[in-house]
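Survey of secondary and tertiary structure
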Amino acid sequence: MNSSNNGALYLVTPTVESKPLTKHAGFKVHLKLENLQPPGSFKLRGISYLCQKAINERNCKKLVCASGGNAGLATAYSAQQLKTPCTIVLPKSTPDHIADKLRDYGAEVIVKGEVFDHANEYAESLALHPECQYVHPFNLPELWEGHTSLILEAADQLKMKPDVIITCVGGGGLLNGIVQGMRKVGWEDIPIVAMETIGADCFNKSVIADKIVTLPDITSVAKCLGSLTVSKQTFDYYKEAKPEIHSVIVDDREAVNACLKFADDHRFLVEPACGATLAAIYSNSIQRLQEEGRLGTIDNALVIVCGGSMVNLETLQDLKKQFNL
């Protein structure tokens, strides 16, 4: 795979300098704008790559995915483009407007269970038929391979090597793809700052415990970070420390505040999961890591704006009131 998307369903997204974030941070901040992907998030990269391989190489006749939002949208969009039927299983916490969007893409929608893990169990049972492809939102190697394209593009687009890459982490699919992409372009010496919100912090809890930890429930508003357990591959990459991964948590208020500031600064709506990433700058998490001696001098940073379709103006206004921002 190279940085071209020849034949791919995802867009080559721009990497642009953010003047407002640069001013706030005191170093150059470049944004990889994955919110511009057609279904609204980076998920399209890995999921469309997996779906194309399944249909073209494994005679897949139907796609099945469990998702509280973005992965389902990426699967439904891919299925529509590839003219293949799909079923998306949603947990009950999924907003109605997401279910409506999925149906607009032509997907069959089934609601099952309270959280993603419950919906996922049901989706796996549906996908046992040999002509079905099960699309996990984050825990399949082909997804990670598809996500590497994000870093390959950024390496082509940037005029300099970044001093740090900032992203969020939920189940770990994006982070795995970033690590693999960095290894492909020779960026293993660049640290990653992996952001989570308190209440959706399965990776941070695992880092602290030095073993994989399963959360009892998701209590954060950042539902798209809402895996109860991080993938084993993500934890292995953390232990390997090539590149070095720093786990940082912020509270929901900081993540929502970052969404609001980003909307003002760039006229983009992103969901709180993405707000967790942006809070690394807006809430000065990077400066704190430097003060603790965990990060060195930074002249420029690459921030992955993962996007997300779990937000609209009404949702953001409600969150603004909820946190008195």
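Nothing here was measured: the structure is a model prediction, and the numbers come from that model.

A separate point is the overall build of the protein. Regarding its fold elements, the protein presents 13 helices and 10 strands. In terms of overall size, the protein behaves like a compact globule, its C-alpha atoms giving a radius of gyration of 18 Å where 325 residues would be expected to give roughly 20 Å. With 325 residues in all, the protein has 58% of them scored as buried. Excluding contacts between residues fewer than 6 apart, the proportion of contacts in the protein whose partners are at least 24 apart in sequence is 72%. For the protein, the exposed area adds up to about 13100 Å²; of that, 48% sits on carbon and sulfur atoms. Both charge centroids of the protein, one from 32 positive and one from 37 negative side chains, sit 2 Å from each other.

One open sheet accounts for four strands, arranged E5-E4-E3-E6; its pairing is parallel. One side of each edge strand has no neighbouring strand; the edge strands of this open sheet are strand E5 (108-111) and strand E6 (132-135). Between one strand axis and the next, the sheet turns by 20° as a mean value, whatever way the strands run. The pairing of strand E3 (residues 62-66) with strand E4 (residues 86-90) spans four bridges and is classified as parallel.

Taken as a whole, this structure holds 16 salt bridges when the rule is applied. When the shortest N-O distance is used, the salt bridge between Asp100 and Arg103 registers 3.6 Å. Of this pair, Asp100 and Arg103 both sit in helix H4 (residues 96-104), three residues apart, which is roughly one turn of the helix. On the basis of relative accessible area, Arg103 is assigned to the partly exposed category, the value being 45%. When the shortest N-O distance is used, the salt bridge between Lys232 and Asp236 registers 2.8 Å. Linking Lys232 with Asp236, this pair stays in helix H9 (residues 232-240), spanning four residues, or about one helical turn. Taking the relative accessible area as the measure of exposure, Lys232 reaches 55% and is therefore exposed. The structure contains a network of salt bridges with shared partners spanning Lys32, Glu34, Arg45 and Glu153.

What follows concerns the domain arrangement of the protein. For the protein, the assigned domains read domain 1 (15-32 + 140-323) and domain 2 (43-134). On the domain 2 side, the residues contacting the 20 residues of domain 1 number 20 residues. Contact between domain 1 and domain 2 buries roughly 1600 Å² in total, counting both sides, with carbon and sulfur atoms accounting for 58%. When the buried area of domain 1 at its contact with domain 2 is split by residue, Glu142, Ser309 and Met310 rank highest and sum to 37% of it. Where domain 1 meets domain 2, there are three salt bridges.

A word on the sheet that holds strand E1 (residues 15-17). On the basis of which strands lie adjacent, the open sheet formed by six strands has the order E1-E2-E10-E7-E8-E9 and mixed pairing. Unpaired on one side and paired on the other, E1 and strand E9 (245-250) mark the two borders of the sheet. Neighbour-to-neighbour, the strand axes of this sheet turn through a mean angle of 25°, independent of strand direction. For strand E7 (residues 164-168) and strand E10 (residues 300-305), the ladder comprises three bridges, and the chain directions are parallel. Bridged to Val164 within E10 is Ala301.

All right, on to the nonpolar core then. Nonpolar side chains in soluble globular proteins tend to be buried together. Ranked by size, the top nonpolar core spans 67 residues in total, and within it Ile165, Ile166, Val193, Leu278, Ile281 and Ile286 carry the most contacts. By residue number, the principal contributor to this core is helix H11 (residues 272-282), which donates seven residues. Residues within four places of Ile166 in sequence aside, it is in contact with Val193, Met195, Thr277, Ala280, Ile281, Ile286, Ala301, Leu302, Val303 and Ile304. Listed in part, the 27 residues of the second largest apolar core include Cys60, Ala76, Cys86 and Ile98.

Before going further, it helps to examine helix H8 (residues 202-209). Three or four residues apart is the spacing at which side chains of an α-helix point the same way, because the helix has 3.6 residues per turn. Taken together, the buried positions of H8 are Cys202, Phe203, Asn204, Ser206 and Val207. Tucked inside the fold, the buried residues of H8 contact strand E8 (192-197), H9 and E9. One or two residues past the end of H8 sits Asp210, with phi positive at roughly 60°.

Of all the six residues making up E9, five are buried; the element is thus mostly covered by neighbouring parts of the structure. Of the pairings in the sheet, the one linking E8 to E9 comprises six bridges and is parallel in character. Bridge pairing in E9 links Ala194 to Ser247.

As a further point, take the side chain of Ser309. With respect to the helices and strands, Ser309 occurs in the loop between E10 and helix H13 (313-322). Ser309 sits in the buried class, given a relative accessible area of 7%. When neighbours within four sequence positions are excluded, Ser309 is seen to be in contact with Pro39, Gly40, Asn70, Leu73, His97, Ile98, Lys101 and Glu271.

Cut-offs applied
Residues numbered from 1 in each chain as written. Predicted model: local features only at pLDDT ≥ 70, side-chain atom pairs only at ≥ 80, totals over all residues. Heavy atoms only, no water. Helix = DSSP H or I, 4+ residues; strand = E, 2+ residues; numbered from the N terminus. Rg over C-alpha atoms; globule rule 2.2 N^0.38 Å. Buried < 20%, exposed > 50% of the residue type's maximum accessible area, 1.4 Å probe, protein only. Contact = heavy atoms within 4.5 Å. Areas by Shrake-Rupley, 256 points an atom, 1.4 Å probe, with all protein chains shown as cover. Lys, Arg positive; Asp, Glu negative; His and termini not counted. Charge placed at Lys NZ, Arg CZ, Asp CG, Glu CD. Pairing = 2+ DSSP bridges. Axes fitted to C-alpha atoms, helices over the stretch in contact; angles between N-to-C directions. Salt bridge = Lys/Arg side-chain N within 4 Å of Asp/Glu carboxyl O. Domains from an automatic or database assignment. Buried area = accessible area lost by both parts, 1.4 Å probe. Core = buried A, V, L, I, M, F, W, Y, C linked by side-chain atoms within 4.5 Å.

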